[in-house]
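A structural walkthrough
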Amino acid sequence: MAPGVRSLASTRLRHREEPSTRHPSMPISHTSDGFPITRAIGSIPHLHHVDFSASADTDFSLRSGLNEEYSNLVRYISTYRDGRRKSTISIGSQAADEDEEKAPPKWKFWAKKSTASDGTGFIPPEEWLNTEMKQGLNDADLAPRRKKAGWNELTSEKENLFLKFLGFFRGPILYVMEIAMLLAAGLRDWIDFGVIIGILMLNAIVGWYQEKQAADVVASLKGDIAMKAIVVRGGQEIEIKARELVPGDIIIVEEGNVVAADASLICDYNNPEGFEEWKRLRDEDPDQTKEHAKGEHDDDDEEGEKHHGHPIVACDQSSITGESLAVDKYMGDTLFYTTGCKRGKGYALVTAAARGSFVGRTATLVQGAKDQGHFKAIMNNIGTSLLVLVVAWIIAAWIGGFFRGLKIATPEWSSVNLLHYCLILLIIGVPVGLPVVTTTTLAVGAAYLAKEKAIVQKLTAIESLAGVDILCSDKTGTLTANQLSIREPYTAEGVDVNWMMAVAALASSHNTKNLDPIDKVTILTLKRYPKARDILQEGWTTKKFTPFDPVSKRITAEVVKEGVTYICAKGAPKAVLNLTTCSEETAKLFRDKATDFARRGFRSLGVAVKEGDKDWEILGMLPMFDPPREDTAQTIAEAQFLGLQVKMLTGDAIAIAKETCKMLALGTKVYNSERLIHGGLSGSTQHDLCERADGFAEVFPEHKYQVVEMLQQRGHLTAMTGDGVNDAPSLKKSDCGIAVEGASEAAQAAADIVFLAPGLSTIVSAIKIARQIFQRMKAYIQYRIALCLHLEIYLVTSMIIINETINAELIVFLALFADLATVAVAYDNAHYEARPVEWQLPKIWIISVVLGALLAIGTWVIRGAMFLPNGGFVQNFGSVQEILFLEVSLTENWLIFVTRGANTLPSWQLVGAIFGVDVLATLFCIFGWLSGTPEEMPTSPSGTWVQRQDGWVDVPTVVIVWMYSIFVTIVIAIVYYLLNNITYLNDLGRAKRSHQDTQMENILGHLSKLAVEHDIDSKTGNKRFFLATKASEAEVDE
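Everything quoted here is computed from the prediction, not taken from an experiment.

1. Concerning the state of the cysteines
With the rule as written, the count across this model stands at 0 disulfides. Cys315 takes part in no disulfide bond, and the closest cysteine sulfur, belonging to Cys341, lies 5.0 Å away.

Okay, here's the thing in structure tokens:
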């Protein structure tokens, strides 16, 4: 039997009831490395004011509260039921909601909902920061502070709905239509004037309404991921939304939570008496409080900087400073907004709301230069090109008009004059619905994604997600089920398994509110080992706890029983084995077992213990297994069909990673991340390895960033999944950052899309939806460009050749019908491509020009037929204007069915909208509405048919025009199909993925190994700079 077991079996706990005699002014004892001897146990509410401290040479007596740490832990093991912990939002949140400013009356639609400041640049007055820690703020203090400091959030203030509505009348394309409206008014063409206003209003109302509806859907889900904070108010600890914090609030920061605002750290949670010391320090240095309020506190650990007391908490500031290790925070230090607390628990005073915080002020600096994204650039490119074309066609029409001696604006009753030509071409040459339809398609698409539990943080992320060709996925929870279980443990010779399991539980966090998954499964496994639970109740006291960090790769706990100190360790097998001085035979057996577990897909945890002054003893190993999700293998196969390469990035050992990849048919080209980053590779070789690998093992957060960077340098659009605070930089770096289900608040803030459902299948499903959204926009853009070119080609050639045009009144209705017919395109049943999508503007323009030319030829055929003596398509009587109007309207409306593709059936919304417009166009034709006089379009040479003065068209002629339009649409569909099957055209405009510049990559690789060094010449005393080889990390550590 192990020595630890013998000593436990042969002794009994000596209870000594000793009241605490420490005065509040007495210092807390510390270990030699500066850490407190005590440890906060957040799961024991009635121990918050118990002194855990004792001097190093004291016989550790057990007070009434100390045993409760382990008795509560055992109770947690016995009573745990698998399931999600219910929300504990208290009435404090409701009270804060009631505190929010009331919305203005509905009739004051221009008024802002809230009159509170946004808090930018606001410095809280000194009296705001004098809150009593145990009492906190009262409800009466909140409203005036929030009015000045604003809500504690970085999200933009709610938009004024009226100003947002006016925004739909702004933009280059809309300005051109507004110029056309003024031109119509100048020509006293009131019908055109009214219809143009109607077109502008239609686009604005539809766009505003659809965006609002979509935004409401997304906003309703965003409440599920709102950051929470525990705050002291009215003498009670309550949980509220972080946005409700105000300067002067007392918050509780603990392991696993995100710091909800810039705050000054007061004291340890288990040492509330430290508040008096904190006040004394603040009074001695009042400037420090002002610096906290301004957010100007320099938190860098400079040499010689004086700290007060021991480190209370440790925060991960990697998203701000790039440091991979947590930074210790002492009394009076600043805790930065959105950083994650890695260990410890303490009180802190909020010194600034979000916009006045360090992170908030940084965000404000870049708000002025809003990145409109690639989508906006594409829209601007198309809009500018169409405007240039309109100007060119107007010039051509005017040249023809001057040649024919046309007047500038007369005759007023006719459309055959130069200003009417200009008006007509401005109306048909500028797609007024383009910016609105594309934007609302994105907004409605965001609502579709929200229904799939994917919250889009910014609309342009949809375009990025649709074009992604590499997905870097973490393993746990995404590829696997995140249901860790411990299989049959391995124990070293002579070690009792119950003793090993007890040591593993001792070397775990006991904060049951925020347990790490590994600590949680370790503790809960003791359900199978009742004797191990008995050992935990034999009077242990925790002196010091050091959580896992990526450098040591282990957790250690210093515990005491009956005056004997034990140091328990749990972590990576290699890291734990290095602590011991066991025989080579034992070490080899231990390593072989770890390798065997890894080959079977098990993640191993080594366990060791050090009793008193004895040597470290290796106890054994815990094999953990996280099974792949049932749908992961099928989802990966589906992703590969979609042209999406999945790379697995995991912190597990390489053998485990390879075994997991085998289970998922993911490929076994898995490499250790050290080989990629520090394995001597550089330049093109390093990029090749990164690109061809199926995954990387033993990955740190900084490795993720470098993997994304290398893939992007090769031209890949990369998506990255993440859940921790450390993942924030790589999420920001990737083309589409994805915060997976259960991600930390910091990761959610850095991501473009936040998923509320687990698994890879939800991500692949979202990619499909994004590609469908992209297809809708692409189909509409092709359709709209072709429509513009159709009428520009036909009308300008008819103006020049036969000196006629379609009436301006009918032209504006053609523009109106084109927009009415496609308002439902955002709801169409689009298909998704089986490869990453791109805009391919050259292809779009070529196909649109061909389609527009075919439409113009079709219109010329029906116009030319009416010059025949028998009227061509005319059966009994009719009007040239109305017949042309009907043919143009039908063929243009039906073109959207061609550009959308035949892979899926159109939605009922799209079919209904187009059918309704077709009926209206047919009524226009039959009853001759706005047909003008027959003299405007003579049938010279005159034939056997005569145009009616009232413009009516007989029903047989209307049927013939419908049949002809169907024929034209079929021809165009065939041509469109053939064009899309031309290999050259199908790949035209696609960016080359996996491109490499070997020479440049090698140059940069070699430069990355160099450093600029500074020296002083010993003879002359002159400074000099020179290039030298950069020291390796190992050399730096030494």
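2. Quick word on the sheet that holds strand S21 (residues 718-722)
Adjacent strands of a sheet form backbone hydrogen bonds with each other and so pair up, either parallel or antiparallel. Read from one edge of the open sheet, 8 strands run S9-S23-S22-S21-S10-S18-S20-S19, paired in mixed fashion. Either end of the sheet is taken by a strand with one partner, and the two such strands are strand S9 (454-456) and strand S19 (670-672). Each strand of the sheet is rotated relative to its neighbour by a mean of 20°, with strand direction disregarded. Across 2 bridges, strand S22 (residues 736-739) lies against strand S23 (residues 753-755) in parallel orientation. Bridge assignment links Ile738 to a residue of S23, and that residue is Ile753.

3. Regarding a nonpolar patch on the surface
A cluster of nonpolar side chains, namely Phe915, Val919, Leu920, Leu923, Phe927, Trp929 and Trp952, defines an oily patch on the protein surface of about 600 Å² accessible area. With respect to the helices and strands, Val919 occurs in helix H33 (residues 908-927).

4. Points about the pairing of strand S3 (residues 250-254)
Counting buried positions along S3 gives 5 out of 5 residues, so the element sits mostly inside the fold. Alternating positions in S3 separate into two faces, Ile250, Ile252 and Glu254 on one and Ile251 and Val253 on the other, with burial throughout. Looking at chain direction, strand S1 (residues 228-233) and S3 are connected through 3 bridges and run antiparallel. Bridged to Val232 within S3 is Ile250. Taken together, the 5 bridges between S3 and strand S8 (residues 340-352) define a ladder with antiparallel strand orientation. By the bridge assignment, Ile252 is partnered in S8 with Tyr347.

5. A few points about helix H23 (residues 654-663)
Listed in full, the buried residues belonging to H23 are Ile656, Ala657, Glu659, Thr660 and Cys661. Structurally, H23 contributes buried residues whose contacts are with helix H16 (475-479), helix H21 (584-599), strand S16 (603-611), strand S18 (645-649), S19 and strand S20 (695-697). Taken from the residues just after H23, Ala665 is the one with a positive phi, measuring 55°.

6. Things to note about the pattern of salt bridges
In total, this model carries 26 salt bridges according to the counting rule given. For Lys279, the salt bridge identified is with Glu132, shortest N-O distance 3.6 Å. Note that Lys279 is positioned in helix H8 (residues 274-284) and Glu132 in the loop between helix H3 (91-99) and helix H4 (139-149), a separation of 147 residues in sequence. Put simply, Arg600 and Asp596 hold a salt bridge, and the shortest N to O gap is 3.4 Å. A relative accessible area of 41% means that Arg600 is categorised as partly exposed. Of the residues examined, Asp596 reaches a relative accessible area of 30% and is grouped as partly exposed.

7. Comments concerning the packing of aromatic side chains
Applying the stated criterion across every chain yields a total of 24 aromatic pairs. Aromatic side chains Phe275 and Trp278 sit 5.9 Å apart centroid to centroid with 20° between the ring planes, which places their arrangement in the stacked category. In this pair, Phe275 and Trp278 both sit in helix H8, 3 residues apart, roughly one turn of the helix. The class of Phe275 is buried, set by a relative accessible area of 5%. Note on Trp278: relative accessible area 5%, which makes it buried. Grouped by ring-pair contacts, the aromatic residues Phe813, Phe817, Phe885, Phe924, Phe927, Trp929 and Trp952 constitute a single cluster. Above the ring of Tyr269, the side-chain terminus of Lys345 is found at 3.9 Å from the ring centroid.

Each value, and the rule that gives it
- Going along each chain's sequence as written, the residues are numbered from 1 onward.
- Local features in a predicted model are, by the rule used here, given only for residues with pLDDT of at least 70; side-chain atom pairs are given and counted only at 80 or more, and totals for whole chains, interfaces and linings are based on all residues.
- As a rule here, side-chain values cover all heavy atoms of the structure and leave hydrogens and water aside.
- We call a pair of cysteine sulfur atoms a disulfide whenever their separation is within 2.5 Å.
- One bridge is not enough; two strands pair if DSSP finds at least two bridges between them.
- Note on conventions: DSSP H or I runs of at least 4 residues are helices, E runs of at least 2 residues are strands, and numbering of each starts at the N terminus.
- Only the stretch in contact is used when a helix axis is fitted, and all axes are lines through C-alpha atoms; the angle between N-to-C directions ranges over 0 to 180 degrees.
- Residues enter patches when their relative accessible area tops 30% and they take part in no salt bridge; the joining distance is 9 Å for like charges and 5 Å for the nonpolar side chains Val, Leu, Ile, Met, Phe, Trp and Tyr.
- Surface accessibility in these figures is a Shrake-Rupley result with a 1.4 Å probe; residues are shielded only by whichever protein chains are displayed.
- Criterion for a salt bridge: a side-chain nitrogen of Lys or Arg within 4 Å of a carboxyl oxygen of Asp or Glu.
- Accessibility here uses a 1.4 Å probe with only protein chains present; expressed as a share of the type maximum, an area under 20% marks a residue as buried, one over 50% as exposed, and anything in between as partly exposed.
- Whether two residues are in contact is decided by their heavy atoms, any of which lying within 4.5 Å being enough.
- Here a Phe, Tyr or Trp ring, Trp counted by its six-membered ring, pairs with any other such ring whose centre lies within 6.5 Å, and the pair is stacked when the planes are under 30 degrees apart, edge-to-face when over 60, and tilted otherwise.
- Both a distance and an angle decide whether a charge sits over a ring: NZ of Lys or CZ of Arg must be within 6 Å of the ring centre and within 35 degrees of the ring normal.

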